Amino acid sequence: MVQRRLYLDWNATAPVLPQVRQAVVRAFEEAPGNASSIHREGQAARAIIERARRSVARAVGAPAQAVVFSGGATESNNQVLHHHVATTDEPFVICSAVEHPSVIEVVDKLDGQGVGTARWPVDEQGRLDLQWLDDQLAQGATLVSVMWANNEMGNIFDVAAIAEKVHQAGALLHVDGTQALGRIDVDFQAAGVDYLTLSFHKMGGPKGVGATIVREGLKVSALMAGGHQERGRRPGTENVPIIAGVDAAATELVKNLPDWQLALTKRKELFVDTLRSAVPQLELRGAPEHQLPNTVNVAFPGVDGEDLLLALDLEGISASSGSACTAGSLEPSHVILAMGFEEKRARESLRFSFGPTTPLDELGHGAQRIAELVGRLRRLEAEI
Ligand code: PMP
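Residues numbered from 1 in each chain as written. Predicted model: local features only at pLDDT ≥ 70, side-chain atom pairs only at ≥ 80, totals over all residues. Heavy atoms only, no water.

Caption draft 1: Highlighting the site of the ligand. Contacts to the ligand come from 13 residues, most closely from Thr 74, Asp 176, Gln 179, Ser 199 and Lys 202. Taking His 100, its side chain carries an N or O atom lying 3.3 Å from a nitrogen atom of the ligand. One nitrogen or oxygen atom from the side chain of Asp 176 is found 2.6 Å from a nitrogen atom belonging to the ligand. Bound to the protein, the ligand loses 85% of the 400 Å² it would expose on its own. (Near = heavy atom within 4 Å. Polar contact = N/O pair within 3.5 Å; in protein donor to acceptor, adjacent residues only side chain to side chain. Areas by Shrake-Rupley, 256 points an atom, 1.4 Å probe, with all protein chains shown as cover.)

Caption draft 2: Molecular detail of the domain arrangement of the protein chain. Split by domain assignment, the protein chain resolves into domain 1 (6–15 + 257–383) and domain 2 (18–252). Relative placement of domain 1 and domain 2: their C-alpha centres are 28 Å apart. Buried surface at the junction of domain 1 and domain 2, both sides included, amounts to about 2500 Å², of which 54% is carbon and sulfur. Interface area lost by domain 1 to domain 2 is led by Trp 260, Leu 292 and Met 339, which between them contribute 23%. Scanning the region where domain 1 abuts domain 2 turns up one salt bridge. (Domains from an automatic or database assignment. Buried area = accessible area lost by both parts, 1.4 Å probe. Salt bridge = Lys/Arg side-chain N within 4 Å of Asp/Glu carboxyl O.)

Caption draft 3: Molecular detail of the nonpolar core. Membership of the largest hydrophobic core comes to 75 residues, with the highest contact counts inside it found for Trp 148, Ile 162, Leu 196 and Ile 213. Per-domain counts for this core show at least three residues from each of domain 1 (6–15 + 257–383) and domain 2 (18–252). For Leu 196, the residues in contact, after removing those within four places along its chain, are Val 60, Trp 148, Val 175, Gly 177, Val 186, Phe 188, Ala 211, Thr 212 and Ile 213. Residues Leu 264, Phe 300, Ile 317 and Leu 377 belong to the second largest nonpolar core, which totals 28 residues. (Core = buried A, V, L, I, M, F, W, Y, C linked by side-chain atoms within 4.5 Å. Buried < 20%, exposed > 50% of the residue type's maximum accessible area, 1.4 Å probe, protein only. Contact = heavy atoms within 4.5 Å.)

Caption draft 4: Highlighting the environment of Asn 78. One can find Asn 78 in helix α3 (residues 73–87). As for Asn 78 and Leu 223, which are separated by 145 residues in sequence, their C-alpha atoms are 7.9 Å apart. Non-local contacts of Asn 78, meaning those with residues more than four positions away in its chain, are made with Ser 102, Val 106 and Leu 223. (Helix = DSSP H or I, 4+ residues; strand = E, 2+ residues; numbered from the N terminus.)

Caption draft 5: Region of interest: the packing of helix α9 (residues 240–278) against helix α13 (residues 360–383). Where α9 meets α13, the axes come as close as 9 Å, and the angle between the chain directions of the two elements is 25°. Considered as vectors, α9 and α13 are oriented roughly parallel to each other. Relative to α13, α9 is oriented so that their crossing is right-handed. From α9, Lys 266, Arg 267, Leu 270, Phe 271, Thr 274, Leu 275 and Ala 278 reach across to α13, where they touch Leu 360, Leu 363, Gly 364, Ala 367, Gln 368, Ile 370 and Ala 371. In the contact of α9 with α13, the residues fall into nine nonpolar, three polar and two charged. (Axes fitted to C-alpha atoms, helices over the stretch in contact; angles between N-to-C directions. Parallel < 35°, antiparallel > 145°, perpendicular 65-115°, else oblique. Left-handed = near helix turned anticlockwise from the far one by under 90°. Nonpolar A, V, L, I, M, F, W, Y, C, P; charged D, E, K, R; others polar.)

Caption draft 6: Highlighting the packing of aromatic side chains. All told, the structure shown has three aromatic pairs when counted by the stated rule. Connected via pairs of aromatic rings, a cluster forms that spans Phe 271, Phe 352 and Phe 354. Over the aromatic face of Phe 341 sits the side chain of Arg 285, whose NZ or CZ is 4.1 Å from the ring centroid. (Phe/Tyr/Trp six-rings, centres within 6.5 Å; stacked < 30°, edge-to-face > 60°. Lys NZ or Arg CZ within 6 Å of the ring centre and 35° of its normal.)

Caption draft 7: Quick look at the side chain of Thr 13. Residue placement: Thr 13 occurs in the loop between β1 (6–7) and α1 (18–30). Residue Thr 13 is classed as buried on the basis of its relative accessible area, which comes to 17%. In terms of polar contacts, Thr 13 uses its side chain to reach the side chain of His 201, at 2.7 Å. Filtering out sequence-adjacent residues up to four positions away, Thr 13 remains in contact with Tyr 7, His 201 and Lys 207.

Caption draft 8: Focus on the pattern of salt bridges. Going through the model one piece at a time under the given rule, you end up with 21 salt bridges. The closest approach of N and O atoms between Glu 238 and Arg 46, which form a salt bridge, is 3.3 Å. Note that Glu 238 is positioned in the loop between α8 (229–232) and α9 and Arg 46 in helix α2 (residues 40–60), a separation of 192 residues in sequence. Residue classification places Arg 46 among the partly exposed residues on the basis of a relative accessible area of 26%. Arg 119 is paired through a salt bridge with Asp 108; the nearest N and O atoms lie 2.8 Å apart. Of this pair, Arg 119 sits in strand β4 (residues 116–120) while Asp 108 sits in helix α4 (residues 101–112); the two residues are 11 residues apart in sequence, bridging distant segments of the chain. Residue classification places Arg 119 among the partly exposed residues on the basis of a relative accessible area of 40%. Under the relative-accessibility criterion, Asp 108 is labelled partly exposed at 40%.

Caption draft 9: Local environment of the sheet that holds strand β3 (residues 92–96). Read from one edge of the open sheet, seven strands run β2-β8-β7-β6-β5-β3-β4, paired in mixed fashion. What marks the edges here is a single partner per strand, and that holds for β2 (67–70) and β4. Across this sheet, the average inter-strand angle for adjacent strands is 15°, counted without regard to direction. When β2 meets strand β8 (residues 210–214), the two strands line up antiparallel, connected through four bridges. Within β8, the position partnered with Val 68 by the bridge is Thr 212. Those strands touched by helix α6 (residues 159–168) are β4, β5 (143–147) and β6 (172–176), and its axis lies near 155° from that of β6. (Pairing = 2+ DSSP bridges.)

See below:
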């Protein structure tokens, strides 16, 4: 009998919702036109895009005209940072030390080009110190880039409090909402965000599509030249079927978010409680009081995370070490290093992330199997 796999890597990407799959297929069949054409086929394609824009706006508390579709959060993050630097006198960009590489690497590059930058440090639980921000704002920061929730720890940052400080100082706030979408409330206007960037594939939407959401009165320029689509802010023929999938994902989010949150919380409790009672010496990482309900970052002291990850894969459980594979060598995650862990301790971290439809009983059973494997690896380590 083929054993069913237990997929616990939703922060890497989530399974596509059935409604999304149906919407994509339907649009391929029913809306083959180019959304820029004036004939009926073009209008049908255009209608899909504008409906999706309204659905995304509703899902994140933004006006529809604020939503610019893109090819994903990597592109949107690049777009906001480059736009800011190109249109600001004496730009000074701050990003947190735990941002996604699509922010950190851009900021590093800008730094290399002579732009003023600073990296906002985190403490051992991955939390940000607001006092540090005050000091930097006083020194003339013009843009602060911080994620709504961290992909590795699941830590949620206090976006509204950060927005208040940033605006008092006359600076702008960019928030990467990729991991928060579909897991916690994301309210663009209520939180006072200037630029919100999104990707849809972590919450059941299609991959390769995202959005840049821009506060009224602000602009964002295109990264590329060559077309007038998205009112000149993202050239290139729109991927209409994929955008139809975004419409379906955003619609499901609006309908189901409270239920999804309940389902996630229940799953996280079961998973953590089972691991806690079955594994001696377990270290939960991150800031438990401000964490996504779908993410558990855990270290099993004495067990190398990569060894465990590979053993789990053979057992049919997919998780993540949160480390990037660079040129064949597995580097410990920059997030855990930023939290002050030395390399060996950083390598112990594993990330388990799930979704509202992760089967509850299989999750509990999976936690038991993880505990057994940890025990086995620890015994092996002791024999060496
Ligand atoms: N930001 C965060 C926080 C992410 O987790 C990811 C995906 N790993 C991205 C940005 C990049 O998103 P995309 O895959 O849409 O480029």
